[in-house]
Amino acid sequence: MTQYWTIYKILAITLASAFIRASHNSCPVMECWFVQEKPGRGGFSAAVSQEKSLMYIRTDPDDRSFMQLHPPADIDQSRVYYVTDPAASFCHAPLHPPEGSVTKPQCEINPFVPHPSTVRWATSLTESGQSPIHLQADWFSVAAQGLDGKLVFSAIMRAPSGSKEPHVILSVSSRTASVHFRLGERVMLDCGFWVDPSSPLSGAGFSVEWRYQFRGDGRLVLAYDGKNDRLADTGEPDAALDFNALHETGNASLILEEAQVRHSGTYICSVYLPNLLAQVALDLEIVEPPSLSIFPSPLPLIVPGQVVSVQCEASGFFPLSLELAWEFVGADGQLLSLGQGSLSGHKQASDGTYSQSSRLELDSTKLGLGRGGEVICVGNHMGGTRKVKVTLNVIGVSAPSIEDSMMMVVVALGLYGLIKVFSRTVSPTGTSNGDTKDKKGN
Ligand SMILES: *[C@@H]1O[C@H](CO)[C@@H](O)[C@H](O)[C@H]1NC(C)=O
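So, a few notes on the structure that sits alongside this text. The structure displayed is predicted, hence computed values, not measured ones. (Residues numbered from 1 in each chain as written. Predicted model: local features only at pLDDT ≥ 70, side-chain atom pairs only at ≥ 80, totals over all residues. Heavy atoms only, no water.)

What follows concerns the overall build of the protein chain. Assigned secondary structure in the protein chain consists of six helices and 26 strands. Considering the protein chain as a whole, with its 442 residues, one finds that 42% of them fall into the buried category. A separation threshold of at least 6 residues defines the contact pool for the protein chain, and within that pool the share at least 24 residues apart is 62%. Carbon and sulfur atoms make up 55% of the accessible area of the protein chain, which totals about 24,300 Å². (Helix = DSSP H or I, 4+ residues; strand = E, 2+ residues; numbered from the N terminus. Buried < 20%, exposed > 50% of the residue type's maximum accessible area, 1.4 Å probe, protein only. Contact = heavy atoms within 4.5 Å. Areas by Shrake-Rupley, 256 points an atom, 1.4 Å probe, with all protein chains shown as cover.)

The structure is reproduced here in structure tokens:
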């Protein structure tokens, strides 16, 4: 236990310095929806009420300057809160868009009821029984989402009963609210938590849990009982936490050594304190652009009117949506779109990636491809655009130009000359003696 005390002392010092820095931050106001279940009469009604609310945030509890401010008239006085947030968790830039911006961060406050957790890795937190006096207060949970998927944030706040001045006790946030990685990359899903060092709950232990959720399928990725320094067995060997960073700075970021398609989905980072729980949800997308190849390569020489079939194969991509298209760049540098060709159905490989192909019938006369050029297959995917090309040569193009005709004459003359030379050189020294004998015989 003593080693934990030193750890928490270090934590307190780090946070104290963060506190000093944070006091200079300004994050004055935050609009939020206050959402609560309507006092039910039937007991079954899950109706909720939603009211506008406003939070004035200060990092220094002694800062009284907000008390002179007049909240907007459309907000009920009873829904105005004066929040003390020593770690300045509410002050992250993505939660405060520039003045006049159309999109606003989302924020919701709910009444919160502290209760012992029943998950195995967090039951030890409430074994000894926490001071019930501390729990007798008004508790709130706040969930906020910054702009552009840059931040998700959740906090548990405590206000002396009836007061409108809650203190942040626990906050959890992530700067990777929505991220994508390519296959094989090392994935870092950010999650950090902060506990008010002046709270009786600070130093009473914590637990961290990472869950995965995808289309109703959920599983435990990692669960750590920080009080007993025990990791639950989850059958996810490639998921890891940095335990030093976790205890020292509350860094609960999840590391997945090698990104795979099956990792795509939503991850929930939950932090438990005795009777409290705060969590944030993150979206991880695996995005891999296709590898393209063209068959046959090289293309056979074709004559005008001949049709050659080309195939472009895209493989190893994820997610599924892919646009394949054909282009042609003639000798004159002109770009011609040849459409998407006829697409095959998609196939999924054992690693979860997809493949799909497109076939194009190249009819040089119909498509007006002249004497040839580059045939290009373009794959447009959210992971990037990929291209592959092959050279098309059309020989003996019909309706030849004057130059072509002259060229043909030159070639014909040349050929004639060659034949003459050839027949002259062959006849006298001719190797086929039998022929000459036969001729003599005739
Ligand atoms: C938390 O830990 C991860 C992995 O060890 C690291 O990449 C990240 O930068 C850390 N975050 C902070 C805020 O220190």
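Right, let's talk about the sheet that holds strand 14 (residues 239–240) for a bit. Spatially, the three strands line up as an open sheet ordered 9-15-14, and their pairing is antiparallel. Whereas interior strands pair on both sides, the edge strands pair on one side only; in this sheet they are strand 9 (187–189) and strand 14. Pairing of strand 9 with strand 15 (residues 254–256), which is carried by three bridges, proceeds in the antiparallel orientation. The residue bridging Met 188 from the neighbouring strand is Ile 255, located in strand 15. (Pairing = 2+ DSSP bridges.)

Remark: the centre distance and the inter-plane angle together describe each pair of aromatic rings, the angle taken between the planes. Within this structure, the stated rule accounts for ten aromatic pairs. Where Phe 34 meets Tyr 81, the ring centres are 6.2 Å apart and the plane angle is 15°; that geometry is what we call stacked. A residue pair is termed long-range when its members are at least 10 positions apart, and Phe 34 in strand 1 (residues 29–37) and Tyr 81 in strand 3 (residues 80–84) qualify at 47 residues. Each member of the pair, Phe 34 as well as Tyr 81, carries the same accessibility label: buried. Ring geometry for Phe 34 against Phe 140: centres 6.4 Å apart, planes inclined by 70°, an arrangement best described as edge-to-face. (Phe/Tyr/Trp six-rings, centres within 6.5 Å; stacked < 30°, edge-to-face > 60°.)

Taken together, Arg 175, Met 188, Asp 242, Asn 251, Ser 253 and Ile 255 are the residues near the ligand. Protein chains shield 51% of the accessible area of the ligand, which is 360 Å² for the free molecule. Grouping the constituent residues of the shell around the ligand by class yields two nonpolar, two polar and two charged. (Near = heavy atom within 4 Å. Nonpolar A, V, L, I, M, F, W, Y, C, P; charged D, E, K, R; others polar.)

With that settled, consider unusual backbone geometry. Cis geometry is found at the peptide bond from Ser 297 to Pro 298, where omega equals 0°. Tracing the backbone shows Pro 298 in the loop between strand 18 (291–295) and strand 19 (307–317). With an omega dihedral of -5°, the bond running from Phe 318 to Pro 319 counts as a cis peptide bond. Secondary-structure assignment places Pro 319 in the loop between strand 19 and strand 20 (322–330). For Asp 229, which is not a glycine, the phi torsion comes out positive at approximately 50°. When you line up the elements, Asp 229 lands in the loop between strand 12 (217–225) and strand 13 (230–231). Although it is not a glycine, Asn 275 adopts a positive phi angle of roughly 70°.

In total, this model carries three disulfides according to the counting rule given. The disulfide bridge from Cys 312 ends at Cys 377, spanning 2.0 Å between sulfur atoms. Disulfide Cys 312-Cys 377: torsion about the S-S bond near -75°, hence left-handed. Note that Cys 312 is positioned in strand 19 and Cys 377 in strand 25 (residues 372–381), a separation of 65 residues in sequence. (Disulfide = S-S within 2.5 Å.)

For the rest of this paragraph, the subject is a nonpolar patch on the surface. On the surface, Leu 301, Val 303 and Ile 395 cluster together into a nonpolar patch covering about 250 Å² of accessible area. Among the secondary structure elements, Val 303 is positioned in the loop between strand 18 and strand 19. (Patch = residues over 30% accessible without salt bridge, like charges linked within 9 Å, V, L, I, M, F, W, Y side chains within 5 Å. Salt bridge = Lys/Arg side-chain N within 4 Å of Asp/Glu carboxyl O.)

Right, let's get into the sheet that holds strand 12. Taken in spatial order, the six strands make up an open sheet running 8-17-16-11-12-13, and their pairing is mixed. Whereas interior strands pair on both sides, the edge strands pair on one side only; in this sheet they are strand 8 (178–181) and strand 13. Pairing of strand 11 (residues 207–214) with strand 12 involves eight bridges; the strand directions are antiparallel. When the bridges of strand 12 are listed, Val 208 appears paired with Tyr 224.

Bringing the nonpolar core into the picture now. With 67 residues, the main nonpolar core has Leu 170, Trp 210, Leu 254, Leu 362 and Leu 392 as its most contacted residues. Look past the residues within four positions of Leu 362 in its chain and what remains in contact with it is Leu 299, Gln 306, Val 307, Val 308, Val 310, Leu 338, Leu 367, Leu 369, Val 375 and Leu 392. Membership of the second largest hydrophobic core comes to 24 residues, among which are Cys 27, Cys 32, Phe 140 and Phe 153. (Core = buried A, V, L, I, M, F, W, Y, C linked by side-chain atoms within 4.5 Å.)

To continue, consider the pattern of salt bridges. Within the structure shown, the criterion is met by ten salt bridges. A salt bridge links Lys 389 to Glu 374; the nearest nitrogen and oxygen atoms lie 3.6 Å apart. Taken together, the residues Lys 389 in strand 26 (residues 384–393) and Glu 374 in strand 25 connect sequence positions 15 residues apart. Salt bridges linked by common partners bring Arg 219, Glu 236, Asp 238 and Arg 262 together as one network.

Take it as geometry only, folks, not as evidence of what the structure does.
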